[in-house]
Amino acid sequence: MSAYESRLAELGVTLPDAPAPAANYVPYVQVGDLVHVSGQISMADGEFITGKLGENMDAEAGAEAARACAISLLAQVKAACGGDLDRLVRVVKLVGFVNSTADFGDQPKVINGASDFMVEALGDAGRHARSAVSAASLPFGVAVEIEGIFQIK
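Being a predicted model, the structure only gives us computed values, none of them experimental.

### Details of the overall build of the protein
Point 1. Helix and strand content of the protein: 3 helices and 7 strands.
Point 2. Walking the protein from its N terminus toward its C terminus, one meets helices and strands in the order α-β-β-β-β-α-β-α-β-β.
Point 3. Its C-alpha atoms give the protein a radius of gyration of 14 Å, near enough to 15 Å, the size a compact globule of 153 residues would have.
Point 4. Dimensions of the protein, computed from C-alpha atoms along their principal axes, come out at roughly 40 × 35 × 30 Å.
Point 5. Counting the 153 residues in the protein, one finds 44% classified as buried.
Point 6. Counting contacts in the protein only where the partners sit at least 6 residues apart, residues at least 24 apart contribute 80% of the total.
Point 7. Here the protein displays about 7,400 Å² of accessible surface, and carbon together with sulfur accounts for 50% of that area.
Point 8. If the 11 positive side-chain charges of the protein are averaged to one point and the 19 negative ones to another, these points end up 7 Å apart.

### Concerning the pairing of strand β5 (residues 88–99)
Point 1. One ladder, built from 9 bridges, connects β5 with strand β7 (residues 144–152); its direction is antiparallel. Note that in β7 the partner of leucine 88 across the bridge is isoleucine 152.
Point 2. As defined by bridge partners, β5 adjoins strand β6 (residues 129–135) across 7 bridges and the pair is classed as parallel. Bridging from a neighbouring strand, valine 95 pairs with serine 131 of β6.
Point 3. Once you follow β5 into helix α3 (residues 107–122) and on to β6, the crossover reads as right-handed.

The rules behind each value
Along each chain, the written sequence defines residue order, and numbers are assigned to residues from 1. Per-residue local features are limited, in this predicted model, to residues with pLDDT of at least 70; the limit for side-chain atom pairs, both in listing and counting, is 80 or more; totals at the level of whole chains, interfaces and linings are taken over all residues. The side-chain figures draw on all heavy atoms in the structure; neither hydrogens nor water molecules are used. Numbering goes from the N terminus for both helices and strands, where a helix is a DSSP run of H or I of at least four residues and a strand is a run of E of at least two. Two things to know: the radius of gyration comes from C-alpha atoms, and the globule rule equals 2.2 Å times the number of residues to the power 0.38. Think of it in three bands: residues with accessible area under 20% of the maximum for their type are buried, residues over 50% are exposed, and the middle band is partly exposed, with areas taken using a 1.4 Å probe on protein chains only. Only heavy atoms matter for contacts: two residues are in contact if any of them lie within 4.5 Å across the pair. Using the Shrake-Rupley algorithm and a 1.4 Å probe, accessible areas are obtained, with residue cover drawn only from the displayed protein chains. Note that His is not counted, nor are the chain ends; the positive residues are Lys and Arg, and the negative ones are Asp and Glu. One atom stands in for each charge, and that atom is NZ of Lys, CZ of Arg, CG of Asp or CD of Glu. Note: two strands are recorded as paired if DSSP finds a minimum of 2 bridges between them. A clockwise course of the path from the first strand over the helix to the second, judged with the strands pointing away from the viewer, identifies a crossover as right-handed.

Right under this line is the structure:
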């Protein structure tokens, strides 16, 4: 078990198999030492985490949805690394989309669920640049979608 996966186990997290793409795209593309991971939607136990922030979901529940996205992102990175998550050098950037009402302004609090998880799981390697933006809707009515760029060796 990799050092990162040992830390994940301490947190009670087992990475799922990397989710398959839902349309005509690939789950990740590697360019040099960077892996660009396609947007991962909020899912838990095989079910979509749906909702609209500011309407029927609060920022705390949204942060949990973002955390679920972060777990899927790491699953994709593990796949890109041939199953060896210790090849991960660092999280470079996350871009988070929050399914929210026009007057909801806590997108950063929602995406903190992913950012905090990355740092908790990966330490300094989890610190990253980030964007957190509102979306009028997301696929399948999910609450959050996050894409990421990761450096690997």
